[in-house]
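# Residue-level structure breakdown
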Amino acid sequence: MEYRMEKYKYFAFISYNALDMKWGRRLQNKLENYKIPARLCGKYGGKKQPMKPVFYAPTDIQPGGLTEELQGRLKASRHLIVICSPHSAQSDWVGKEIEFFHKLGRLKQVHFFIIDGTPHSGNPETECFHPVISRLGFPEMLGANVNEKIYRWPWLNRERAYVQLVSKLLNVEYDSIWQRHKRRLKVRTATWSLAGLAVLAAMGGIWAGSQPFDADIQVREASLPNLALPSFDGAAVELRMGGDTKTEILHSSSKQVTFRDLHRRYLDKQVRVVVKCRGYIDVDTVVKLGKAVVLDVRRDPSVYGDVHFRIWDPRTEQTLPGVTVEIEGHKTVSDKDGLVELHIPLEAQKPQYHIVASIPLATGTVFMPCGEDDVVMSK
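Residues numbered from 1 in each chain as written. Predicted model: local features only at pLDDT ≥ 70, side-chain atom pairs only at ≥ 80, totals over all residues. Heavy atoms only, no water.

Moving on, we come to the packing of aromatic side chains. Scanning the entire structure with this criterion turns up nine aromatic pairs. Pairing Trp 23 with Phe 113 gives two aromatic rings, centres 6.5 Å apart and planes at 55 degrees, and the pair type is tilted. With a gap of 90 residues between them, Trp 23 in helix H1 (residues 21-32) and Phe 113 in strand E4 (residues 110-114) connect regions that are remote in the sequence. Each member of the pair, Trp 23 as well as Phe 113, is classed as buried. (Phe/Tyr/Trp six-rings, centres within 6.5 Å; stacked < 30°, edge-to-face > 60°. Helix = DSSP H or I, 4+ residues; strand = E, 2+ residues; numbered from the N terminus. Buried < 20%, exposed > 50% of the residue type's maximum accessible area, 1.4 Å probe, protein only.)

In this section: the sheet that holds strand E5 (residues 144-145). The five strands lie next to each other as E2-E1-E3-E4-E5, forming an open sheet whose pairing is parallel. Two strands bound the open sheet, and with one partner strand each, they are strand E2 (54-55) and E5. (Pairing = 2+ DSSP bridges.)

At a minimum axis separation of 10 Å, helix H3 (residues 68-75) and helix H5 (residues 92-103) run at an interaxial angle of 50 degrees. Regarding the angle of H3 to H5, the classification is oblique. Seen along the crossing, H3 lies across H5 with a hand that is right-handed. Seen from H3, the contacting residues are Gln 71, Leu 74 and Lys 75; seen from H5, they are Glu 97, Phe 100 and Phe 101. The residue inventory of the contact of H3 with H5, partitioned by class, reads three nonpolar, one polar and two charged. (Axes fitted to C-alpha atoms, helices over the stretch in contact; angles between N-to-C directions. Parallel < 35°, antiparallel > 145°, perpendicular 65-115°, else oblique. Left-handed = near helix turned anticlockwise from the far one by under 90°. Contact = heavy atoms within 4.5 Å. Nonpolar A, V, L, I, M, F, W, Y, C, P; charged D, E, K, R; others polar.)

Moving on to a positive patch on the surface. Where like charges cluster on the molecular surface, the positive patch consists of Lys 35, Lys 48, Lys 52 and Arg 184. One can find Lys 35 in the loop between H1 and helix H2 (38-41). Using a relative accessible area of 39% as the deciding quantity, one classes Lys 35 as partly exposed. (Patch = residues over 30% accessible without salt bridge, like charges linked within 9 Å, V, L, I, M, F, W, Y side chains within 5 Å. Areas by Shrake-Rupley, 256 points an atom, 1.4 Å probe, with all protein chains shown as cover. Salt bridge = Lys/Arg side-chain N within 4 Å of Asp/Glu carboxyl O. Lys, Arg positive; Asp, Glu negative; His and termini not counted. Charge placed at Lys NZ, Arg CZ, Asp CG, Glu CD.)

Summarising the element assignment, Tyr 34 is placed in the loop between H1 and H2. In this structure Tyr 34 comes out as buried when scored by relative accessible area, which is 8%. Note: C-alpha distance between Tyr 34 and Tyr 162 (128 residues apart in sequence) is 9.9 Å. Once residues within four sequence positions are removed from consideration, Tyr 34 is found in contact with Lys 48, Gln 49, Pro 50, Met 51, Val 166, Ile 177, Arg 180 and His 181.

This is the structure in structure tokens:
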């Protein structure tokens with residue numbers, strides 16, 4: 001198949017679960033920097049690195065379905081790569097991305113990269129394929145599996161899986177590029193070995209002073225605490241040191257993350273820390289990196305506080321203007337388009353609100369976050 005310049009902005013879109021974030025970043029780097037053999041360059045428009053760019057969202061998607069931005073990214077991507085694991089198999093958002101791409105009619109451009117779990121195990125604890133794959137009638141597939149034990153060394157099995165995926169993305173024979181890739185790995189390994197010996201010899205006298213260190217970054221809520229709202233469990237904490245970037249996910253059992261085995265040259269140096277968490281304002285700051293760092297995060301009062309929905313009459317199929325609505329003691333009236341807009345102060349915010357209206361409603365609850373496309377029906 002000859003290479004053709006398509007309308008797609010991205011070569012591929014990587015779908016993943018936040019707990020598999022490291023694999024997503026690694027896969028993006030591998031694909032974008034993969035150099036094809038010179039004899040194939042002509043087939044791909046003269047490009048030495050034809051798999052650029054690959055879209056990889058830095059955090060998991062927000063609740064409420066796929067945003068228009070993400071839908072646009074999917075439409076603009078030639079391929080969809082699903083990072084498969086028991087985490088992603090249970091992710092609603094991974095399923096939504098697969099389903100949306102399937103609706104675009106690009107079933108043959110969906111590829112699976114298995115990092116954990118067992119394909120078709122039937123056990124939710126180990127199954128790595130999302131159930132939407134079976135429901136949508138995807139043909140029998142195995143996917144490239146980094147844990148497949150073909151070779152003695154795990155790193156070589158991972159490299160094999162990368163090349164399997166590359167061969168499918170570029171529609172080339174797997175063996176032709178795998179043999180070349182193995183030769184390059186041997187040369188690289190030999191080079192690394194020689195370089196490693198030289199470095200060990202040179203650094204032997206200063207070994208004690210070059211030991212890595214661990215850095216604990218504690219995330220502390222600086223805004224008014226509200227126990228009714230979700231905590232910052234699941235926050236993605238990104239540490240950027242020069243050209244190095246490391247990411248850790250904060251879990252509910254602790255209010256801190258630990259970045260292990262950092263190079264000692266970064267100790268007491270200025271580094272950039274980025275914290276992203278659903279419901280909170282992003283933090284992007286420069287700190288002096290020590291073994292213990294404390295960062296303040298504040299809630300975004302708009303996520304659970306800005307209420308937007310329309311009141312809809314299913315009998316007339318019209319929106320209803322002039323309806324008085326009360327939420328958490330705050331009153332407003334739907335406008336001429338039936339739109340209700342209200343802001344709830346941070347201390348009174350909840351993931352869902354009970355609605356009291358001047359007309360009977362079919363449901364008395366609105367779930368946050370919500371927008372103008374959400375509706376509450378009258379009886």
